[in-house]
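Residue strings, one per chain:
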Amino acid sequence: MGKNSERTEMNGTLSQNDQVRVRMAPSPTGYLHIGGARTALFNWLFAKHHNGKFILRIDDTDTARSTHESMHEIYDALKWLGINWNEQYVQSDRKSIYEGYVEQLLESGNAYHCYCTPEELEEIRAQARVDKQTRSYDGRHRHLTSEDVDRFIAEGRKPTVRIKMPDTPILVEDIVLGSRNIDPETLEDEVIVRSNGMPNYNLTSIIDDAEMQITHVIRGTEHLNNTPKQIAIANALGLEVPQFAHIPLVLDSGGRKMSKRHHGDLVAVNRYREQGYLPEAMLNFVVRLGWSYDDKQEIFSVDELIKKFDLDRVGKSGSVFDIKKLEWLNSHYINQLDVAVRTDAVIPFWQEEGLLDSVEDRDWLESIVEAVGERLTTFQDIVPQTRYFFTDEFEYESKAVKKWWGGSDEKKQKTCEILTNLQQILEEIPAFDIETIESVIWKYTDENDIKRVAAMQALRIALTGTSFGPSLFDIVVLLGKDEVLKRIPKAIAHL
RNA sequence: GCCGCUAUCGUCUAGGGGUCAGGACGGAUGGUUCUCAGCCAUCAAACCGGGGUUCGAAUCCCCGUAGCGGUACCA
C-alpha cells in the first residue's frame, strides 16, 4: 500500500512457477568492496527468499584490468560472508557466444563498424560539449561506402562495432525507482565491441542475463544509465529483458560514492575480516544500508534476513557508511559468542603480535578472554587490551601516570607508599585468590583512610601500564603472585 | 556542459493528509563500580526552500535549490 504499490505490482508480475534467478557480476579488478558485498547480499537474499538461484558471473571483459588474483579474492570474501552461489561463469570463457550475437546484429543491420580513432572521438566529445549537446557520437559511420571502408582499412584503422540506437523511446521499468521512458535523443550508438575484438560490458552483460535466464538484475544505481542501452541491445537481438532493481549507492561520510579508487583499504571487505570483524556483523550492517524492515528491528540473523528481505523495502537514496554502527554490531555479535569460541578467534591476533607462540595454557587464555568480557569491539582489540598479560615490557601511559601516580612530588610519595604497602600485603597474603585479595586490599584502604580508587588505579598502572581494563582482581590473579610481586617494585623504581 | 537520480535528527531509518514525527548508532548527563567497557535512567537532535490543493500537508501537485551518479574502445 501507499508508497510502494507500484513496486509490488511489478514484483507481482513474477508468476508462481517462474524461478527467480539473480546474479552478481563483479569485475575482477581488485578486492570485493563494501558496495559489491551489499549488491551480492541483496541478490543472494532475494534469491534465497524466493527460493531461487544465485549466480556468480565474473565480468572480466576488461582484459587489461582484470586479474586472476582478484577473482580469487572475490571468491574468498564471498565465502567468508557465507554468500554461496549455485552457478558460476566467467565471461572471458564465453567470447564465442558474444561473437555470434554480434554477427547477428551486424547482419540485421542493428550494428555497424565504426572506424573513428580515439583522437577523433575525443574531438567529437569536446565539440559536443561546447555545443551543449546531449550526445557526442553522431553516428557518422552508420552509412559508410565501401570506398570509405577500404580507405580506413588501408590507413590501418581497426574498427569497433557500434549498436544502432532506436529512435523510439525506451521504457525502463525499475522495481526500486519506478518506470520512465528514456528519450532516444539522449542515447548514442554505443561501442559494443572494441577494436581489439573484445566485446564490451553493455553487450555481454545483457546477453548473459538472457542466456542465463536472469529474472532480476539487482545492481547499484551507477548502472542506471546503462539500462536503456542494454534494453536496446536486447530488443535488437530479440532477447528477453530481465526486471531491473537499482539499489542506492553506499556513500562515504562526505556523501560521495565509496570506491576503491578514493577510499582504498577502507572499503575492502577483507580488511574487515583481518581486523577481526565477524561476517554476521558485516552482513547485518551492510543490509541496513538501503534496506529496512520496520521501526524497531536492528539485529537480524541471516535466517531472519532470508525470511524478511525483499525489494519492496529498499530505499531510493544513498546511504552513508558509518563505521560506528558497524563497530556496535560487531561487538554485539562478539558478545554473543561463548568464551571458547572467542578465544579461538583471538589467538591468531596474539600470535601475529608475537605475544603468544604456544597455546598450551588454554585455560589461562580463556580466563583472560573471560576477564576482558564485553570490551572487544573487534577481535584485534584483544592486543591492546591484554598485552600486559604476556609481557612486562610495556610503557606506563603518561596520561594515566599523571592522573593517578602523581603530578606532584607529594603525590608520587603517596603512590610510592601505597605500592610499597600493597607489595608487602600481597607478599604475605595467605591465599592468592580473588576473594582474599579483595578483602585484604579493602581492609588496607579502609583502615588507612585511602580512597579505594587511588590504591586500585596505582596498582593497575603498575601492573598494566594503563588506567583502564578488566577488573583489577582478575588481572592480579591471572598474572600470578610472582609476576605481581615483580612488577610492583619495578613500578616503584620507575616513579 | 549534457543526461539521470535523490532529498526526515550528525548517521542508518520508520511513518506517508490529522502522530508530542517513532526507533537505532553516535553524542551529552546522572546512577552502578577499583578504572574502562557494559548495564540502567534521562536529555539534545530532523521533515531542503517557495508556492499551491485542503478545514488540515513531512505526506499530494507545481517551481526552485542542493547533493550525488553517469557522461570511456571501464564495469
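Parameters and conventions
Residues numbered from 1 in each chain as written. Chains lettered and ligands numbered in written order. Predicted model: local features only at pLDDT ≥ 70, side-chain atom pairs only at ≥ 80, totals over all residues. Heavy atoms only, no water. Helix = DSSP H or I, 4+ residues; strand = E, 2+ residues; numbered from the N terminus. Rg over C-alpha atoms; globule rule 2.2 N^0.38 Å. Areas by Shrake-Rupley, 256 points an atom, 1.4 Å probe, with all protein chains shown as cover. Lys, Arg positive; Asp, Glu negative; His and termini not counted. Charge placed at Lys NZ, Arg CZ, Asp CG, Glu CD. Core = buried A, V, L, I, M, F, W, Y, C linked by side-chain atoms within 4.5 Å. Buried < 20%, exposed > 50% of the residue type's maximum accessible area, 1.4 Å probe, protein only. Contact = heavy atoms within 4.5 Å. Near = heavy atom within 4 Å. Polar contact = N/O pair within 3.5 Å; in protein donor to acceptor, adjacent residues only side chain to side chain. Pairing = 2+ DSSP bridges. pLDDT = per-residue confidence, 0-100. Axes fitted to C-alpha atoms, helices over the stretch in contact; angles between N-to-C directions. Expected span 1.5 Å × (residues − 1). Phe/Tyr/Trp six-rings, centres within 6.5 Å; stacked < 30°, edge-to-face > 60°. Salt bridge = Lys/Arg side-chain N within 4 Å of Asp/Glu carboxyl O. Disulfide = S-S within 2.5 Å.

The number of helices and strands found in chain A is 22 helices and twelve strands. In terms of C-alpha radius of gyration, chain A reaches 32 Å, well past the compact-globule figure of 23 Å for 495 residues. Each principal axis of the C-alpha distribution contributes one length, and for chain A these read about 105 × 55 × 45 Å. Total accessible area computed for chain A in this model is approximately 24,500 Å², and 46% of it derives from carbon and sulfur atoms. Side-chain charges in chain A split into 59 positive and 80 negative, and the spacing between the mean points of these groups amounts to 4 Å.

The next subject is the nonpolar core. In terms of nonpolar packing, the biggest core is built from 112 residues, with Leu32, Leu81, Ile83, Phe309 and Trp350 touching the most fellow members. For this core, the element with the highest residue contribution is helix H2 (residues 34–49), accounting for nine residues. Those residues in contact with Phe309 that sit more than four places away from it in its chain are Phe42, Leu45, Phe46, His49, Val287, Trp291 and Val314. Core analysis: the second largest hydrophobic core is formed by 28 residues, Ile170, Met212, Leu239 and Phe244 among them.

Turning to the protein's contact with RNA strand B, a few remarks are in order. Near RNA strand B lie 63 residues; those nearest to it are Thr61, Arg180, Asn200, Gly290 and Arg375. Take the atoms of RNA strand B that sit within 4 Å of the protein: sugar and phosphate atoms are 71% of them. Asn225 has a polar side-chain atom sitting 3.2 Å from a base nitrogen of RNA strand B. The side chain of Ser471 places a nitrogen or oxygen atom 2.5 Å from a base nitrogen of RNA strand B.

Right, let's talk about the side chain of Gln423 for a bit. Assignment of secondary structure puts Gln423 in helix H18 (residues 409–427). With a relative accessible area of 14%, Gln423 lands in the buried category. Residues contacting Gln423, with those up to four places away along its chain left out, are Val484, Leu485, Ile488 and Pro489.

Turning our eyes to something else, we now look at the pairing of strand E5 (residues 160–163). By the alternation rule, side chains of E5 split into Thr160 and Arg162 and Val161 and Ile163, which are all buried. In the sheet, strand E4 (residues 111–114) pairs with E5 via four bridges, with the strands oriented antiparallel. Pairing of Cys114 across the sheet is with Thr160, part of E5. Where E5 and strand E8 (residues 191–193) come together, two bridges link them in antiparallel fashion. Paired with Val161 across the strands is Val193, a residue of E8.

Counting all residues, the mean pLDDT for chain A is 92, and 97% of those residues have values of 70 or more. For chain A, helix H1 (residues 5–11) is the element with the lowest average pLDDT, namely 38, and strand E1 (residues 21–24) is the one with the highest, namely 98. Contacts from residues 1–16, a stretch scored under 50 in pLDDT, to residues over four places away or in other chains number 22 contacts. Predicted complex metrics record ipTM = 0.94 and pTM = 0.93.

The next thing to look at is the side chain of Thr39. In this structure, Thr39 sits in helix H2. Not counting residues up to four positions away in its chain, the partners in contact with Thr39 are Met24, Ile218, Arg219 and Ile247.

We now examine the sheet that holds E8. Overall, antiparallel pairing links the three strands, which are arranged E4-E5-E8 in an open sheet. Whereas interior strands pair on both sides, the edge strands pair on one side only; in this sheet they are E4 and E8. Shown here is a sheet whose adjacent strand axes are inclined to one another by a mean of 45°, direction ignored.

With that settled, the discussion passes to helix H14 (residues 339–352). Its 14 residues give H14 an end-to-end C-alpha distance of 20 Å, which sits within 8% of 20 Å, the value for a rise of 1.5 Å per residue. The positive-phi residue at the C-terminal boundary of H14 is Gly354, with phi of around 75°.

With that out of the way, let us pick up the packing of aromatic side chains. Per the counting criterion, the structure on display carries 17 aromatic pairs. Seen in terms of ring centroids, Trp364 and Phe389 are 6.5 Å apart; in terms of plane orientation they differ by 90°. Their pairing is edge-to-face. Here Trp364, found in helix H15 (residues 362–372), pairs with Phe389, found in helix H16 (residues 382–390); they are 25 residues apart in sequence, far enough to count as distant. Between Tyr388 and Phe389, the aromatic rings sit 4.7 Å apart at their centres with planes inclined by 40°, giving tilted as the arrangement. As far as the burial class goes, Tyr388 and Phe389 line up, both buried. Among the aromatic residues, ring-to-ring pairing joins Phe42, Trp291, Tyr293, Phe300 and Phe309 into one connected group.

A few words now on the pattern of salt bridges. All chains considered together, the criterion is met by 31 salt bridges. Close ionic contact of Lys325 with Glu298 constitutes a salt bridge, the shortest N to O distance being 3.2 Å. Here Lys325 is found in helix H13 (residues 323–336), whereas its partner Glu298 is found in the loop between helix H11 (279–287) and helix H12 (302–308), with 27 residues between them in sequence. By relative accessible area, which is 28% here, Lys325 ends up partly exposed. Beyond isolated ion pairs, a larger network of salt bridges with shared partners links Arg23, Arg57, Asp59, Arg94, Asp208, Asp209 and Glu211.

Moving on: the environment of Arg375. In this fold, Arg375 is placed in the loop between H15 and H16. On a C-alpha basis, the gap between Arg375 and Asn335 in space is 8.8 Å, while along the polypeptide they are 40 residues apart. Beyond its immediate sequence surroundings of up to four residues, Arg375 is in contact with Gln385, Gly469, Pro470 and Ser471. In this structure the side chain of Arg375 is engaged in a polar contact, spanning 2.9 Å, whose partner is the backbone oxygen of Val372. Side-chain polar atoms of Arg375 contact the backbone oxygen of Gly469, separated by 3.3 Å.

Another aspect to go through is the state of the cysteines. Here a disulfide denotes one covalent bond, and it connects the sulfur atoms of two cysteines. Tallied over the entire structure, the rule returns zero disulfides. We note that Cys116 lacks a disulfide partner, and the nearest cysteine sulfur, in Cys114, lies 3.6 Å from it. Judged by its relative accessible area of 8%, Cys116 falls in the buried class.

Turning our eyes to something else, we now look at H16. Within H16, seven of the nine residues are buried, leaving the element largely enclosed by the surrounding structure. Of the positions making up H16, those classed as buried are Ile382, Val383, Gln385, Thr386, Tyr388, Phe389 and Phe390. Buried residues belonging to H16 abut H14, H15, helix H20 (452–464), helix H21 (472–479) and helix H22 (481–494).

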